Each structure stands twice: as C-alpha cells, then as structure tokens.
Amino acid sequence: MTGKRKLGLWMCTSLVAGSMIGSGVFLLPASLAPFGGISILGWLVSAGGAMCMALVLARLGATMPRVGGPYAYGRQGFGDFVGFWIAWSYWISLLTGNAALAVATASYATVFWPVLGVSPAAGLATALAALWTLALVNAHGVRTAGLVQLVTTVLKLLPLAAVGTVGFLYFQADHFQPFNPAGESAFSAVTATVALTLWAFLGLEAGTVPAGDVRDPARTIPKATILGTSIAAVVYIACTAAVMGIIAPGELALSTAPFADAAGSIWGTWGRWIIGAGATISCFGALNGWVLLTGQIPRAAALDGLLPARFAHLSPRGTPVVGIFLSAVLATILIAMNYTRGLVQAFTFLILLATLATLLPYVFTSMTGLMMALRERSRSRIGGRAAARSLARAVVSVLAFGFSLWAVVGAGAETVFWGFLMLLAGVPVFAAMRWRGGDSTRGRSASGDGTGGAA
C-alpha cells in the first residue's frame with residue numbers, strides 16, 4: 001500500500017478514540033446512577049488504568065510496529081501458544097462487541113424511528129444493515145474505513161462536547177449527595193464502577209493493530225494511542241458528570257436514554273434529536289473501528305501460521321476480506337440470537353464475556369512491556385537517564401497489569417469461569433494447526449522477525 005493510502009496521525013487517532021467512544025458513554029450514566037458521585041472516582045481509576053495500558057502500547061508500538069497490535073506483542077514476549085490464545089480471545093471479543101454495537105446503533109435510532117423499538121424484525125434489519133454496510137466499507141480498503149472513522153468521530157464528539165460543557169450551566173451539586181449511596185464500602189463501590197466503566201475503554205489498542213497500514217508507524221502509533229485515550233477519558237468523565245448533575249439520581253437510574261433526556265431538559269425536543277443523532281453516529285463509528293479489527297487480528301495470526309492461511313489473504317484493494325466477512329457472519333448470528341425471545345440474557349452475558357476476553361491481551365501485553373523495560377534497564381548505565389526511563393516504563397507496566405487483574409475480579413466469578421472454558425475451546429484449533437503445519441509454522445511471522453520466541 002502506498003504512503004498516500006495509509007492512515008496518518010489524525011485518522012489513526014480517530015480510530016483509537018472512535019473505537020472507544022461508542023454506546024458505553026451514552027448508556028453508563030444510568031448504570032452508574034445508583035453509585036452516585038463516587039462513580040466519578042471509578043471513572044478516574046479506569047482512565048488511569050487505561051492510560052497506563054496506552055503508555056505500554058505506545059512504547060511497544062514504537063519499538064515493534066507490527067500488524068496485530070497486542071497479539072503481536074504477546075506472541076513476541078511469550079511465544080506461539082500465548083499468541084494464539086490472545087488472537088483467539090480477542091477475536092471472540094470483537095465478534096460479540098460488534099454484535100452489541102450494531103444492536104445499540106439500531107436502539108438509538110428509535111429516537112427517529114420508534115417502530116424499531118416495537119418491531120423486532122425492523123430492529124434486526126437495521127442492526128444487520130449497519131453491520132454489513134461497514135463490513136463492505138472496510139472491505140473496500142483501510143483508507144476508506146479511516147475516512148469514515150474520522151468523520152464519525154468528529155460528528156459524535158460535537159454533541160458530547162455540547163452536553164459536557166453547556167450542561168454544567170444546569171449542574172446541581174445536590175445530585176451528588178450522598179457521595180456513596182450504594183450502601184457498601186468505598187473500595188467495593190469504586191471496584192464495581194470500574195467494572196462497569198471498563199467496557200467504555202475497550203478499543204484503546206485499535207491504533208496498534210493495523211500497523212502495516214499506518215504511515216510512519218513508529219511515530220504515529222504512540223502519538224495516536226495516547227491522544228485517542230486522552231480524548232476518550234476527558235469526554236467520558238466530563239459528560240457523565242454533566243448528565244448526573246442535570247438529572248436527579250432517581251430519575252437517571254430509570255432513564256433509557258440519559259444523554260437525550262439531559263439534552264431534552266436543556267434544549268427541548270430538538271436537543272433530544274441532536275443527541276439521539278450523536279448517539280447513533282457514535283455507535284456506528286465505534287462499530288466501524290471494530291469491524292476493521294476483525295480482519296486484522298485473524299490475518300496477523302494466519303501470517304504466523306496460527307490460523308488457516310485463508311485469513312491472511314488480501315483482496316486486490318489490500319484488505320483481509322475473509323476475516324471481515326466471516327466475522328460479520330458470526331456477529332449476524334449473535335444479533336439474531338439477541339432478537340430471539342428468551343435469548344436476551346445469553347446475549348448480555350456474551351458482552352460480559354467479551355470484556356473479559358479483551359483483558360487477556362492487556363495482561364500479556366503489559367508483561368511484554370515489563371520484560372522489555374527490564375531488559376533495557378539491564379543494558380543501561382546505572383543512574384543514567386536511560387535507566388530512569390526504563391524504570392518508569394517498568395512501573396507503568398506493573399500498574400497496567402495490576403489494573404487488568406483488578407478488572408478481571410470485577411467481572412465476577414461466573415464470567416471468569418466461562419471465559420476460561422472459552423479459552424480452552426481454542427486449544428483444539430491450535431493443535432490442528434500444529435498437526436497440519438508442524439514446527440514450520442514458526443518461520444512465517446507477521447511480527448517481522450519470524451522467531452515467535454520470548455522478547
């Protein structure tokens with residue numbers, strides 16, 4: 001792919017921010033309402049943990065700008081089997097996340113077409129139309145997907161910025177009293193809110209995944225990752241605080257469209273429509289970013305011989321269409337399950353599973369970052385600047401690792417149990433690839449060096 005067709009800094013930044021800023025920011029104020037003002041602390045902790053992970057990814061992206069992002073880093077640090085596990089769990093997470101975002105897009109569109117909320121068939125058709133439209137956009141080329149991501153990110157940030165700024169003129173501080181109304185300890189309340197807000201930060205690794213399609217990846221990926229995560233964190237905290245300050249806690253907890261309700265109380269019906277449009281665009285833009293990843297992750301694993309070679313095939317426009325379309329088919333099945341009576345709870349559980357599955361790449365990525373930092377420190381002059389920088393990177397990696405483990409605890413024992421079974425389900429696939437390819441699979445590497453060994 002020529003330089004003119006590759007992703008620049010702002011497209012890559014919009015991919016990071018746009019992949020994170022989706023349905024979560026519009027739904028979470030209602031979910032956090034029972035926790036009151038202490039939920040803002042949960043947001044701050046989540047933002048801090050996400051920024052630590054972003055710093056780790058930025059460093060790895062500068063040092064190893066390779067296709068696959070966390071998958072490539074985990075494989076480089078721990079070998080083929082861990083790399084396969086990361087790719088497997090991450091792909092499952094993307095599938096369920098795409099299904100959720102497509103459904104959320106149709107859900108927010110009910111502001112304009114109420115029939116979508118009363119007709120399961122109409123809602124299903126709209127969700128599938130959003131999913132397959134973006135599958136076709138991404139199949140057309142990463143540059144096209146990048147342009148869609150840039151436009152949708154700008155459009156959805158405008159209404160969010162309106163609520164997050166003008167909303168404070170209608171702010172009522174007494175809505176935050178008592179500070180912790182949940183009836184549990186402050187630590188337990190913050191842990192619960194971190195678990196709730198974690199979904200909103202998933203996608204911060206988006207800029208590292210299509211490294212082969214990024215212009216000057218060693219410089220662009222770190223900057224885009226930090227910028228995108230920072231933008232998302234500021235938007236989340238400001239907008240959530242504003243909505244909680246506008247709508248009384250009891251009313252907010254019952255709201256199905258908290259941002260639209262907040263805008264309606266300020267600007268009336270037209271304000272509700274504008275925010276409804278922003279929410280729909282937000283979900284659509286996040287879905288676009290995640291559809292792009294569903295092609296890149298399997299492709300990276302296939303190039304390393306860990307998934308069938310078909311996933312590595314590129315179309316004439318340079319896109320991994322097999323992964324994109326197969327992922328869309330599987331997400332379609334999940335969406336159909338969501339619209340089938342009696343399976344809604346199963347679909348909701350899959351979303352929790354998706355969040356847990358995304359934590360596995362974060363855990364191994366943070367440890368790869370730690371190993372790299374310790375190796376750099378051992379080569380540095382004791383007391384020198386390089387040694388101090390390596391120590392700081394090691395501390396950030398440990399913090400990112402600790403945050404990931406904390407988030408796993410917050411996911412709950414049942415989710416962890418089923419998540420472990422999901423990981424074990426991938427072992428036969430890995431065994432089959434080893435049986436077919438033998439040790440020769442270690443020679444083909446998307447990561448660039450073909451070793452697949454420890455960093």
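Residues numbered from 1 in each chain as written. Predicted model: local features only at pLDDT ≥ 70, side-chain atom pairs only at ≥ 80, totals over all residues. Heavy atoms only, no water.

A closer look at the overall build of the protein
Right, so step 1: Per the secondary structure count, the protein includes 18 helices and zero strands.
Right, so step 2: If you take every contact in the protein between residues at least 6 apart in sequence, the share linking residues at least 24 apart comes to 83%.
Right, so step 3: Total accessible area computed for the protein in this model is approximately 17700 Å², and 71% of it derives from carbon and sulfur atoms. (Helix = DSSP H or I, 4+ residues; strand = E, 2+ residues; numbered from the N terminus. Contact = heavy atoms within 4.5 Å. Areas by Shrake-Rupley, 256 points an atom, 1.4 Å probe, with all protein chains shown as cover.)

Considerations on the packing of helix H3 (residues 38-63) against helix H16 (residues 385-411)
Right, so step 1: Contact geometry of H3 with H16 gives a least axis separation of 9 Å together with a crossing angle of 130 degrees. It follows from the interaxial angle that H3 and H16 lie oblique. The handedness of the crossing between H3 and H16 is left-handed. Seen from H3, the contacting residues are Val45, Ser46, Gly49, Ala50, Cys52, Met53, Leu55, Val56 and Arg59; seen from H16, they are Arg393, Val396, Ser397, Leu399, Ala400, Phe403, Ser404 and Trp406.
Right, so step 2: Of the residues that constitute the contact of H3 with H16, the class distribution is eleven nonpolar, four polar and two charged. (Axes fitted to C-alpha atoms, helices over the stretch in contact; angles between N-to-C directions. Parallel < 35°, antiparallel > 145°, perpendicular 65-115°, else oblique. Left-handed = near helix turned anticlockwise from the far one by under 90°. Nonpolar A, V, L, I, M, F, W, Y, C, P; charged D, E, K, R; others polar.)

Structural notes on the environment of leucine 303
Right, so step 1: Residue placement: leucine 303 occurs in helix H13 (residues 269-303).
Right, so step 2: Given the relative accessible area of 29%, leucine 303 is considered partly exposed.
Right, so step 3: Put simply, leucine 303 and histidine 313 are ten residues apart on the chain and 9.2 Å apart in space, counted from C-alpha to C-alpha. (Buried < 20%, exposed > 50% of the residue type's maximum accessible area, 1.4 Å probe, protein only.)

Considering the side chain of threonine 240
Right, so step 1: Within the secondary structure layout, threonine 240 lies in helix H10 (residues 217-246).
Right, so step 2: A polar contact of 3.3 Å, which involves the side chain of threonine 240, links it to the side chain of tryptophan 43.
Right, so step 3: Leaving out residues up to four positions away in the same chain, threonine 240 has contacts with Pro29, Leu32, Ile40 and Trp43. (Polar contact = N/O pair within 3.5 Å; in protein donor to acceptor, adjacent residues only side chain to side chain.)

Remarks on the environment of isoleucine 266
Right, so step 1: With respect to the helices and strands, the residue isoleucine 266 is situated in helix H12 (residues 258-267).
Right, so step 2: Judged by relative accessible area, isoleucine 266 falls into the buried class, the value being 15%.
Right, so step 3: When the C-alpha atoms of isoleucine 266 and valine 166 are compared, they prove to be 9.0 Å apart, with 100 residues separating the residues in sequence.
Right, so step 4: Look past the residues within four positions of isoleucine 266 in its chain and what remains in contact with it is Gly167, Tyr170 and Ile246.

Remarks on a nonpolar patch on the surface
Right, so step 1: Together, Phe81, Phe417, Trp418, Phe420, Leu421, Leu424 and Val427 line one region of the surface with nonpolar side chains, adding up to about 620 Å² of accessible area.
Right, so step 2: Looking at the nonpolar patch element by element, the count peaks at five residues for helix H17 (residues 413-425).
Right, so step 3: Along the chain, valine 427 turns up in helix H18 (residues 427-437). (Patch = residues over 30% accessible without salt bridge, like charges linked within 9 Å, V, L, I, M, F, W, Y side chains within 5 Å. Salt bridge = Lys/Arg side-chain N within 4 Å of Asp/Glu carboxyl O.)

Digging into the pattern of salt bridges
Right, so step 1: For the structure shown, the criterion picks out two salt bridges.
Right, so step 2: One salt bridge in this structure joins arginine 75 and aspartate 80, with 2.8 Å as the shortest N-O distance.
Right, so step 3: When its relative accessible area of 0% is taken as the criterion, arginine 75 is described as buried.
Right, so step 4: The class of aspartate 80 is buried, set by a relative accessible area of 3%.

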